[in-house]
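Okay, here's what each chain looks like letter by letter:
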Amino acid sequence: MVESERLRGVAIAQPRPVIRETVTQNPPSFAWPLHKFTQPNQAVRYSLQIRFPDGSVQSFWSDYNWYLPRTKFPAGNYAWRVVAPKLGAKGVDDIGMWRPFTITDDAKPLFDDAKLAVVATDQSWFNAVSSMAHPRIISDTYLQSLRPQFLNQRLAVWNEIKRKVALQASDPAKAPPQADMSNANWVIQLPQTVNTEQDRIEMAAMVWRMQKNSSVPAEQAAAATALNDLKARTFNLASWSTEDLDGQGSGDDSAVRNLLWALVLGYDNLYPDLTSSERDYLINVIATRASQLENRVIGPNRSVEHYPLDSSAAVGAYALSAATAVMAGDMSGGVIHPQFDAGKFARYVPMAYSFLHASGGDDGGFGNGGGYGLFDLNNMYPYYDALGTVTGVDPYRLQKLRNSMEYQLFSRPAGGASQAPFGDGTTVEGPQVPYYAYWWATRLPGQISNWMATVYPVAATHSRLARTLLSPPVVPVPASTPGVTELSKLFKNTGTVYMHSSLTDPQRASVHFKSSPFGSYNHSHADQNSFVVSDQGKALLIDSGYYDYFLSPHSKGWYRQTKAHNAITYNGGQGQRITINGLSSDYSAAGAIVGYADTGEFTISTGDATPAYDAPITRARRTIVYLRKNLVLVHDDLAASTPVRWEWNFHTLTNPQLTGDASGTVKVVNGAASACIKQIGGDRFTTLGVNANFPVDPAMSFTQQYHGTWSIPSPTAQWQSVMLVDIGCKETTEPTVATSGDNITVAIGSKQFRFTRNALPAYAN
């Protein structure tokens, strides 16, 4: 089922744990594809079968395509499969394959021992949460535990929030933009308006709650002003039309998600000071917004469970889970509101711990674009934080989140201008976002995050200040290094390899390589087997184009296409698929990292992007060898069922300097950084062209970029090439290259690399 749906370009849920996974979370979370529905609201029931280390098999029943065990498992070797009664072809049982996995001795408990009895059943868990007094997200006790942080390490943040709240009192709550889906005010300004109001609600709540019992007259006055502002903004958002803004369209679903959360924040913080009628009113409005989000995210066809790579719906599912937890058991008219009863709790709260985060695996990687690897933090952390404090089960203990620190470290090492490339929203060159480091160090403490927070200490010069102020009461320990010895890292689940000359030097050289199983789906591009290079904080070989907006004409006409990347095209820019069967993106246009080794002196990685190309392409393999600090070998092994004209594309921020013809050297200079590119082996390219035009310009102001292509005049069915990228243009002696039949051997000093058609490379020191 998994592979047949992939071939159709459909991004269904992937089975987890993956085959032979080493699981460091206890108990593990289980997820698998949801079968196609034959009718809306179809009931399904699965038997999750787990074979334990002693050989015994236990079955666990689930009405969903995920399951969260509520007990610790002994360490050892396991296997699991799913049986779907009568959901197979012609109504027979659909029986999945056994998938082995291992739970390590040191696997981190997801549940504290004291919590096991509480979470043992959905009902007992609901009972515990629903009995909690409001405020629940930041309880009075928890707020007092944060007070020392407010007055010490986060003092500058606290002072800035107080200043902003004093100013916002004179800036009344906003009315919604007019409901016109063809108007940019609706699809662009609406989310901005909601986000601004959400921030102001959260900041006002903190000023009021921190200072309302103060004996200082000025602080009492500030608290009173903040309370009035908090209440006015909350009730203003509650008054917005639930018909004009219903969250069912692609232009306003994120706005309704954020609107729901802003209302939950206002209600939760205001609860002790609300009248019963005010509570009832807000509960009913929040329930309406939650129902709208539920319909968008789940609906009669259980959308996000069928198609979890819908990035907006995935974030919405977390918002729904968190809101359901915060509102659990709350009453309207003297009875528990059905949107927040035990059934809804059982439906949505455990799901947050077992099913979501589909754009990556438990290795911590993120497969939906480097830019969104950061954007998602802004979106997700409020929900993670709330789930942890309200349910008593910390999402940051999930293996996928704990391992995400390694992804952040290698995809964008702190300091300088290193950026995570690939996909929508990537920053090609520019300063890093510093405030995430403190968020990581307080939520996912460890040497990696502590080092990042040492490089970028807490500051009060960014948006979402409340998220910094309300970070867990953890003081990051200063660290001089991230405590990681390797300089390269493969994230196999997302098909990305990150290679650096140093993790701690801001002047580092970096090479990033991608061949991803996520294809060109959603915010990912048709860029399998592409790579980027930077040095001294300057971009040398780049992902070209601009992210003006999702699936814009520029995006479709250039930004998402293979020819916009440092990748292989043919016959005048034909590349990998970006659409399939009427879908705007293609999950089947996938790659895979099929070989990886890191010796310390060099890293070698091979990607296979063959499935991403349509006929006549029958083989598209690329090997990247990074020899620290400054040499990159790029070997391409290409084949087609009919002859084609092969093309080797590269992109730069500055106009490349050409020495000689296609057999000469291309020099890229960006500030103090440079790179020299030359073909040194294989079948020869005979033409080299450079231009500075986009076929479709982005709908925004932009800086010119440069696009180069090596090509051949006559079609051929096979092509093999070795290119040398010399970072810094430092090599005075060209590597020795010998060709024998299908083999190309490149010698650099004492190191030899042998590249062979349709085989993984060999190497020797």
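Structure first, text after, so check above.
Residues numbered from 1 in each chain as written. Predicted model: local features only at pLDDT ≥ 70, side-chain atom pairs only at ≥ 80, totals over all residues. Heavy atoms only, no water.

Enquirer: Where do I start with the overall build of the protein in this structure?
Expert: Within the protein, the secondary structure is distributed over 19 helices and 31 strands. Its C-alpha radius of gyration of 27 Å places the protein within 12% of the 27 Å reference for a compact globule of 765 residues. The principal-axis extent of the C-alpha atoms belonging to the protein is close to 85 × 65 × 50 Å. The buried share among the 765 residues of the protein stands at 59%. Sequence-distant contacts, at least 24 apart, represent 70% of the contacts inside the protein between residues at least 6 apart. Only carbon and sulfur atoms are counted for the fraction: they give 51% of the accessible area of the protein, which is about 28,100 Å². Considering the protein, the positive charge centre built from 63 side chains and the negative charge centre built from 64 side chains are found 2 Å apart. (Helix = DSSP H or I, 4+ residues; strand = E, 2+ residues; numbered from the N terminus. Rg over C-alpha atoms; globule rule 2.2 N^0.38 Å. Buried < 20%, exposed > 50% of the residue type's maximum accessible area, 1.4 Å probe, protein only. Contact = heavy atoms within 4.5 Å. Areas by Shrake-Rupley, 256 points an atom, 1.4 Å probe, with all protein chains shown as cover. Lys, Arg positive; Asp, Glu negative; His and termini not counted. Charge placed at Lys NZ, Arg CZ, Asp CG, Glu CD.)

Enquirer: Looking at this model, I keep getting lost on the pairing of strand E3 (residues 46-51). Mind explaining?
Expert: Within a regular beta strand, the side chains point alternately toward one face of the sheet and then the other, so they alternate between its two faces. Burial analysis of E3 places five of its six residues in the buried class, which makes it a mostly covered element. Two successive antiparallel strands, E3 and strand E4 (residues 57-62), enclose a turn made up of five residues, where Gly55 displays a positive phi of approximately 95 degrees. Strand direction decides the pairing type here: E3 and strand E6 (residues 76-84), joined by five bridges, are antiparallel. For Ser47, the partnering residue across the bridge sits in E6 and is Val83. (Pairing = 2+ DSSP bridges.)

Enquirer: Looking at this structure, I do not really get the sheet that holds strand E12 (residues 496-500). What am I missing?
Expert: Strand order in the open sheet formed by five strands is E11-E12-E13-E14-E15, and the pairing between neighbours is antiparallel. Each end of this open sheet is capped by a strand with a single partner; those strands are strand E11 (488-491) and strand E15 (538-541). Averaged over all neighbouring strand pairs, the angle between strand axes comes to 15 degrees, with direction disregarded. As defined by bridge partners, E12 adjoins strand E13 (residues 509-514) across five bridges and the pair is classed as antiparallel. Bridge pairing in E13 links Tyr498 to His512. Against the sheet, helix H15 (residues 404-411) contacts E11, E12 and E13, and its axis sits at roughly 130 degrees relative to E11. (Axes fitted to C-alpha atoms, helices over the stretch in contact; angles between N-to-C directions.)

Enquirer: Sorry if this is basic, but what is going on with helix H4 (residues 155-168) here?
Expert: Given 3.6 residues per helical turn, the α-helix brings residues three or four places apart onto the same face. In a regular helix each residue adds 1.5 Å, so 14 residues correspond to 20 Å; H4 covers 20 Å between its end C-alpha atoms and thus fits that length. Taken together, the buried positions of H4 are occupied by Val157, Trp158, Glu160, Ile161, Val165 and Gln168. Projected down its long axis, H4 carries its buried residues within an arc of 165 degrees, all on one side. (Expected span 1.5 Å × (residues − 1). Arc of directions from axis to C-beta.)

Enquirer: Help me understand the environment of Leu631 in this model?
Expert: Structurally, Leu631 can be placed in strand E20 (residues 631-644). Taking the relative accessible area as the measure of exposure, Leu631 reaches 5% and is therefore buried. Excluding residues within four positions of it along the chain, Leu631 makes contact with Val625, Tyr626, Leu724, Val725, Asp726, Glu731 and Ile748.

Enquirer: Teacher, can you tell me more about the state of the cysteines here?
Expert: A covalent bond between the sulfur atoms of two cysteines is what we call a disulfide. Taken as a whole and assessed by the stated rule, the structure comprises one disulfide. Disulfide pairing is shown between Cys676 and Cys729; the S-S distance is 2.1 Å. Note on the Cys676 and Cys729 pair: the S-S dihedral is about 105 degrees, so by sign convention the disulfide is right-handed. Residue Cys676 is located in strand E24 (residues 673-682), and its partner Cys729 is located in the loop between strand E27 (716-727) and strand E28 (736-740); the two are separated by 53 residues in the primary sequence. (Disulfide = S-S within 2.5 Å.)

Enquirer: Is there a simple way to think about unusual backbone geometry in this case?
Expert: With glycine set apart, most residues show a phi of negative sign, and most peptide bonds adopt trans. Omega for the peptide link from Arg16 to Pro17 comes to 5 degrees, which places this bond in the cis form. Take Pro17: it is sitting in the loop between helix H1 (2-7) and strand E1 (21-26). Looking along the chain, the bond that leaves Asn26 and enters Pro27 is cis, with omega of 0 degrees. We note that Lys90 has phi near 60 degrees; this positive angle belongs to a residue other than glycine. Its location among the elements puts Lys90 in the loop between E6 and strand E7 (94-95). Residues other than glycine seldom take positive phi values, yet Asn571 does so here, at roughly 50 degrees. Tracing the backbone through its elements, the reader meets Asn571 in the loop between strand E16 (568-570) and strand E17 (592-598). Of the residues examined, Asn571 reaches a relative accessible area of 25% and is grouped as partly exposed.

Enquirer: Whenever I open this one, the sheet that holds strand E30 (residues 751-756) confuses me. Can you help?
Expert: The strand order across the open sheet built from four strands is E28-E29-E30-E31, with neighbouring strands paired in antiparallel fashion. Each edge of the sheet is formed by a strand with only one pairing partner; in this case those strands are E28 and strand E31 (762-764). Averaged over all neighbouring strand pairs, the angle between strand axes comes to 15 degrees, with direction disregarded. As judged from the five bridges shared by E28 and strand E29 (residues 743-748), these two strands associate in the antiparallel manner. Residue Val737 lies in a different strand from E29, and its bridge partner there is Val746.

Enquirer: Can you help me understand the pattern of salt bridges in this one?
Expert: Pairing is possible between side chains of opposite charge, provided their charged atoms come close. Counted under the stated rule, the structure contains 30 salt bridges. The closest approach of N and O atoms between Arg302 and Glu305, which form a salt bridge, is 3.0 Å. Exposure class is identical for Arg302 and Glu305. Each is buried. One salt bridge in this structure joins Arg757 and Asp683, with 3.6 Å as the shortest N-O distance. (Salt bridge = Lys/Arg side-chain N within 4 Å of Asp/Glu carboxyl O.)

Enquirer: It is not clear to me how the nonpolar core should be interpreted in this structure. Could you clarify?
Expert: Core analysis: the biggest nonpolar cluster contains 120 residues, and Trp125, Ile137, Ile161 and Trp261 have the highest contact counts within it. Ala662, Ala673, Ile677 and Trp719 belong to the second-largest nonpolar core, a separate cluster that totals 39 residues. (Core = buried A, V, L, I, M, F, W, Y, C linked by side-chain atoms within 4.5 Å.)

Enquirer: I would appreciate a short explanation of the packing of aromatic side chains in the present structure.
Expert: For any pair of aromatic rings, the description consists of the separation of the ring centres together with the inter-plane angle of the planes. Taken as a whole, this structure holds 44 aromatic pairs when the rule is applied. Where Tyr436 meets Trp439, the ring centres are 5.2 Å apart and the plane angle is 90 degrees; that geometry is what we call edge-to-face. One end of the pair, Tyr436, and the other, Trp439, are both in helix H16 (residues 436-443), three residues apart, so they sit about a helical turn from each other. Overall, the relative accessible area of 0% leaves Trp439 in the buried class. The rings of Phe30, Trp32, Tyr46, Phe52, Phe73, Tyr78, Trp80 and Phe101 are connected pair by pair, giving a single aromatic cluster. Across the ring face of Trp98, the terminal group of Arg51 is positioned such that the distance to the ring centre comes to 4.1 Å. The residue whose ring lies beneath Arg279 is Tyr271, and the NZ or CZ to ring-centre distance is 3.9 Å. (Phe/Tyr/Trp six-rings, centres within 6.5 Å; stacked < 30°, edge-to-face > 60°. Lys NZ or Arg CZ within 6 Å of the ring centre and 35° of its normal.)

Enquirer: Help me understand the pairing of E17 in this model?
Expert: Both E17 and strand E18 (residues 602-608) contribute to a ladder of six bridges, which runs antiparallel. Within E18, the position partnered with Asp598 by the bridge is Thr603. Connecting the antiparallel pair E17 and E18 is a turn made up of three residues, with Gly600 showing a positive phi of about 95 degrees.

Enquirer: Before we go on, may I ask you to explain the packing of helix H13 (residues 370-391) against H16 in this structure?
Expert: The angle between the axes and the distance between the axes are what describe a pair of packed helices. It is the contact of H13 with H16, at a shortest axis distance of 12 Å, that shows an interaxial angle of 35 degrees. Remark: the crossing between H13 and H16 carries left-handed chirality. In this structure, H13 contributes Leu374, Leu377, Asn378, Tyr381 and Asp385 to the contact, and H16 contributes Tyr436, Trp439, Trp440 and Arg443. Looking at the contact of H13 with H16 residue by residue, the classes come out as six nonpolar, one polar and two charged. (Left-handed = near helix turned anticlockwise from the far one by under 90°. Nonpolar A, V, L, I, M, F, W, Y, C, P; charged D, E, K, R; others polar.)

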